[in-house]
Structures are given as C-alpha cells and as structure tokens.
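# Residue-level structure breakdown
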Amino acid sequence: MRKNQFAVVLIISLFFLWGFALNLNPILIPHLKKACQLSDTQSAFIDSASYIAYFLLAIPAGKFMKKFGYKGGIVLGLLLFATGAFLFYPAAVTRSYIFFLIALFIIASGLAFLETAANPYITVLGDEKGATQRLNFAQSFNGLAATLAPLLGGMFILSGQKLDAKAEAAMSPEQLNTYLNHEASSVKIPFLIIGAVVLLVAVFLIRTPLPEIEDREGDSDSTGSLFGEKNLMLGVVAQFFYVGAQVCVGSFFIRFSAQVAGIAEKSAAMYLSGALLGFMAGRFIGTFLMQYISPSKLLAIYSLINIALIFAAVTMNGMAAVYALMGVVFFMSIMFPTIFSLSIRGLGSRMKEGSSLVIMAIVGGAVFPVIMGKVSDMTNIHTAYIVPAACFAVVFYFALTNLKVKKIKLTVAH
C-alpha cells in the first residue's frame, strides 16, 4: 500500500543502521587497541560489550514492545543508539576504555530493540505475498551497511600510523600521551554524525503513523517445555557458536592481515570491506541455490568449506592466507538466517518464544572473541583462527541433524 511506503523506507533504514554499527567493531578493535594500549584479549571486549547487550535485552525488548507497541520499542532503540554514539565524544576526551565499552553497550542495547522489531515488522508492511521479497530487500541494505562500515571507518577513524615497541620507546611521556590522545580523538566526529543521523530517523519515525503488528497464533505441533525441543536447543547452540565464529573472523581480520601479509591497517580495512561485499552477494547467491539444494545440506557444505579455508589461512602466509579468510566471509553469508529458520520450524504459536532464545544466542559474539584474543596473546593472531574453525564444526553438526528438511523460509536478518 502507498500509505506504507515511507514507513517501509524508515524500517529498511533500521537494517542499514544496525548493520553499520555492528560492522564498525572490526575497525574499533585495532584502533582502540592502539589508542588505549590494549592486549588482544582486552581489545576483544569491544565485541563483548556489543553482543552481551543482545543476550540481556532480547527478552526485555520483546516485553517492552508487547506493552508499548513496536513503534515505541523502535523509538527507544534509536534513542539508546544515539545516546551511545554521542558518548564516544567524552570517552575519546578521557581516553577511557571502560567509557568506550559503556558507550558500545548502550549502542548495542538500542540495536537489540531495533532487531527485535524490524525483522517481523518489515514482513507486515504491505501484502503478505511480498513479505519475503521485502525482507530480502531489507537484508540487502544490511549487507550494504556491512560493506560500507569498514570502508568508511578505515578512511575516517584509522590513522594508518603504526606504533611499535621501538617507536614508543623513543617517545617522551608527553609525546606518547599526545600521540595516543590524537589517535583516540579520531572517533569523535564520525560518532557525532552517526548519533545525529540516528536521532533524525527517530524524529521521522515519531512523526510517521505506523500500523501495529497483530500477533498471529498458529497451530503448534509441539507441547511441553521449549527446553525439551531438541532441534530448537541444538539450533540455539549452533547459533551461539556461529555468531562467535562470525565475530571472530571479522574482528581480528585487520590484525591478521598485518601479521601474515604485512598489510597496513587502512588497506586491510579495504580488504575487509571487499570481503563483506562478498558476504552480501553470498546471501543472495545462497538463497538462489536453496531452490536446488536443501538449506541444511547447503549449510553443511558451507560449514565444511569454511573449516577448510580457515585451516588454509592458518597454515599459509602472505596474500593467499588473506584471500582464504575473505572466502570464509562469503560462505558465512547464509548461516545466521538458515540456522534461525531451521531452529524454529514446527513451533507454531510458540515460535516467538523460540525465536527469542535463538536471538539470545547472539551472545556467542561476546564470548568467542575473548577466547580468541586470549589464544592470540598466548600464541599469535595467526594461530588463534583455530577458534572460529572449531565453531564452524558445531554448525556442521547442527546441519547434519536437519538433513531431512527440504525447504525453509528465511525470516530474519542480522
């Protein structure tokens, strides 16, 4: 309907906004590692601050929207997002890592509200037949944001200057402090702009009439506790490990590229942007392939390919290792929506509760980067990539348990 067209544009913008915010983390990790003088383990808490919010806010966000409506939830999410973005300015002034983590947590709390609302909302803004098409279209903007975030972040946040132990030792305390303050300050303007844009979207949403979603109660072919649903529980575990793998692969990409191929951080950000462009393309290609290959079989094949590519990246050096890791990003593309859809099949009227559990599994993105950072500090970032390889093995097992499933409807984007 024409009256919903502007509403559709606004909801699609949410897919872009959360995709952009989450995919700035791979830029912030090497940047704040340098500006705040962190170890790899410490820098990984950038992801933890973001993804722990999903775990803590997924259910409260649902309850809030049940009471105040989806529009109220979206507006609150945008206000939290903008607040967190604006807090980057004082965090940079004080060069406080804890302050940065608090700002990131507040941003991600807002994103949890946006994701909880936007995925179901986009499907009801228009006729039911076009729901899947609208979701796929919205997902393309999520992918576009994932491509642009490291590209723009690399241009406007990363300085390209490397401070090794020898250069640091040659500086006086005053010179070092000036250098670190200059590094930290580069996030001020980008995040002020992000906060302003998010606030503007919030204003438009407040002023735009939005239809409320009527919950549809379907027939359930499952009874008893959801925790007794074996496939759902396996799906929650698989999503936990998958999101952990996804975040690990992207977050340490710039550090990996520097170590194995000597690529400067700005150039590495460009390669990461290219890899994420492949991620977006991979989602469309994967959706097309599912017309001929069952989703579970494709998930199993992609998982095995990723395990092989990571082992190739770990055992090689130079650009070959970097290209192998870029290939991993392409084959991750279908995993989140496929695991999600396979997990909640057959739940009927309890699908919303099951969906909340699978969304909470996003907390894997808070756990595995810290593990990977610890492995990196004990060995090196090259070897640490065995962590996401192990995660993909869990995804492969989940795919094997669902091989009998021939068709699913991809109903979510992240």
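Residues numbered from 1 in each chain as written. Predicted model: local features only at pLDDT ≥ 70, side-chain atom pairs only at ≥ 80, totals over all residues. Heavy atoms only, no water.

An unreviewed UniProt entry lists the chain under the name FHS family L-fucose permease-like MFS transporter, with Pedobacter cryoconitis as the source organism. According to UniProt, the comment filed for the chain under the heading Sequence similarities (unreviewed entry) is "Belongs to the major facilitator superfamily. FHS transporter (TC 2.A.1.7) family." (UniProt positions renumbered as here; feature names shortened; annotations may be inferred.)

## Re empty space enclosed by the protein
In this approach the atoms are scanned with a rolling probe the size of a water molecule, which exposes any empty space left behind. In total, this model carries three cavities of 30 Å³ or more according to the counting rule given. Each pocket or cavity is described by its volume, and for the largest cavity that value is around 280 Å³. Taken together, 21 residues line the largest cavity, and the ones lying closest to its centre are L22, N23, Y51, Q246 and L276. Elements with a contribution of two residues or more to the lining of the largest cavity: α1 (5-22), α2 (25-35), α4 (45-86), α7 (131-156), α11 (230-251), α13 (265-289) and α15 (319-332). Per-element tally for the lining of the largest cavity: the top contributor is α11, with five residues. (1 Å grid on protein atoms, 1.4 Å probe; cavity = no way out; pocket = protein on both sides within 12 Å on 5 of 7 lines; lining within 4 Å. Points joined across faces, edges and corners; volume = space filled by probe spheres on them. Helix = DSSP H or I, 4+ residues; strand = E, 2+ residues; numbered from the N terminus.)

## Considering the nonpolar core
Ranked by internal contacts, the top residues of the largest apolar core, which has 137 residues, are I11, L14, L78, F191, Y242, Y385 and F392. Both of domain 1 (1-211) and domain 2 (224-413) provide at least three residues apiece to this core. If sequence neighbours within four positions are ignored, Y242 has contacts with F279, M332, M335, F336, I339, F392 and V395. (Core = buried A, V, L, I, M, F, W, Y, C linked by side-chain atoms within 4.5 Å. Buried < 20%, exposed > 50% of the residue type's maximum accessible area, 1.4 Å probe, protein only. Domains from an automatic or database assignment. Contact = heavy atoms within 4.5 Å.)

## As for the domain arrangement of the chain
Split into domains, the chain comes out as domain 1 (1-211) and domain 2 (224-413). Taking only C-alpha atoms into account, the centre of domain 1 sits 21 Å from that of domain 2. Each partner contributes to the interface: domain 1 provides 43 residues, whereas domain 2 provides 37 residues. The junction of domain 1 with domain 2 conceals about 3,500 Å² of combined surface from both sides, 65% of it contributed by carbon and sulfur atoms. Considering only the side of domain 1, the residues that lose the most area to domain 2 are D40, Y51 and Q139, jointly responsible for 16% of the buried surface there. Seen at the junction of domain 1 and domain 2, the total is two salt bridges. Residue R255 is joined to D40 by a salt bridge in which the shortest nitrogen-to-oxygen separation is 2.7 Å. (Buried area = accessible area lost by both parts, 1.4 Å probe. Salt bridge = Lys/Arg side-chain N within 4 Å of Asp/Glu carboxyl O.)

## Comments concerning the layout of surface pockets
Roughly 580 Å³ of internal volume is contained in the second largest pocket. Together, 21 residues line the second largest pocket, and K34, K162, L163, R255 and E265 are the ones closest to its centre. Those elements that provide at least two residues to the lining of the second largest pocket are α2, α8 (165-169) and α12 (253-261). Looking at the lining of the second largest pocket element by element, the count peaks at four residues for α12. A class-by-class count of the residues in the lining of the second largest pocket yields nine nonpolar, five polar and seven charged. Here the lining of the second largest pocket gathers at least three residues from each of two domains, domain 1 (1-211) and domain 2 (224-413). (Nonpolar A, V, L, I, M, F, W, Y, C, P; charged D, E, K, R; others polar.)

## Thoughts on helix α14 (residues 295-315)
With 21 residues, α14 should cover 30 Å at 1.5 Å per step; its first-to-last C-alpha distance of 30 Å lies within 8% of that length. The complete set of buried residues in α14 reads P295, S296, L298, L299, A300, Y302, S303, N306, I307, I310, A313 and V314. Where α14 is buried, its residues touch α12, α13, α15, α16 (335-344), α19 (381-384) and α20 (386-401). (Expected span 1.5 Å × (residues − 1).)

## A short note on the pattern of salt bridges
Counting across every chain of the model gives four salt bridges. Linked by salt bridges that have partners in common, K33, D40 and R255 make up one network.

## Details of the environment of R345
When you line up the elements, R345 lands in the loop between α16 and α17 (351-360). Spatially, the C-alpha atom of R345 lies 35 Å from that of G373, the residues being 28 residues apart in sequence. If sequence neighbours within four positions are ignored, R345 has contacts with N231, N402 and V405. A polar contact is formed between the side chain of R345 and the backbone oxygen of L342, at a distance of 3.4 Å. (Polar contact = N/O pair within 3.5 Å; in protein donor to acceptor, adjacent residues only side chain to side chain.)

## A look at a nonpolar patch on the surface
A cluster of nonpolar side chains, namely L79, F86, Y89, V93, I189, L192, I193, V197 and L199, defines an oily patch on the protein surface of about 730 Å² accessible area. Elements with a contribution of two residues or more to the nonpolar patch: α4, α5 (88-94) and α10 (188-207). Considering every element that reaches the nonpolar patch, the biggest residue donor is α10, with five residues. With respect to the element layout, Y89 can be found in helix α5. (Patch = residues over 30% accessible without salt bridge, like charges linked within 9 Å, V, L, I, M, F, W, Y side chains within 5 Å. Areas by Shrake-Rupley, 256 points an atom, 1.4 Å probe, with all protein chains shown as cover.)

## A word on the side chain of S140
Locating S140 in the fold gives a position in helix α7. S140 has contacts with M280 and F284, leaving out every residue within four places of it along the chain.

## Considerations on the packing of aromatic side chains
In this description, a pair of aromatic rings is defined by centroid distance and the angle of the planes. Counted according to the given criterion, the structure contains 16 aromatic pairs. Note on F6 and F204: the rings are 6.0 Å apart at their centroids and 85 degrees apart in plane angle, and the pair reads as edge-to-face. Of this pair, F6 sits in helix α1 while F204 sits in helix α10, placing them 198 residues apart in sequence. With 4.7 Å between their ring centres and 35 degrees between their planes, F64 and F68 make a pair best called tilted. On the criterion of helical spacing, the pair formed by F64 and F68 is a turn pair, its members being four residues apart in helix α4. In this structure F64 comes out as partly exposed when scored by relative accessible area, which is 25%. Above the ring of Y89, the side-chain terminus of K188 is found at 5.0 Å from the ring centroid. (Phe/Tyr/Trp six-rings, centres within 6.5 Å; stacked < 30°, edge-to-face > 60°. Lys NZ or Arg CZ within 6 Å of the ring centre and 35° of its normal.)

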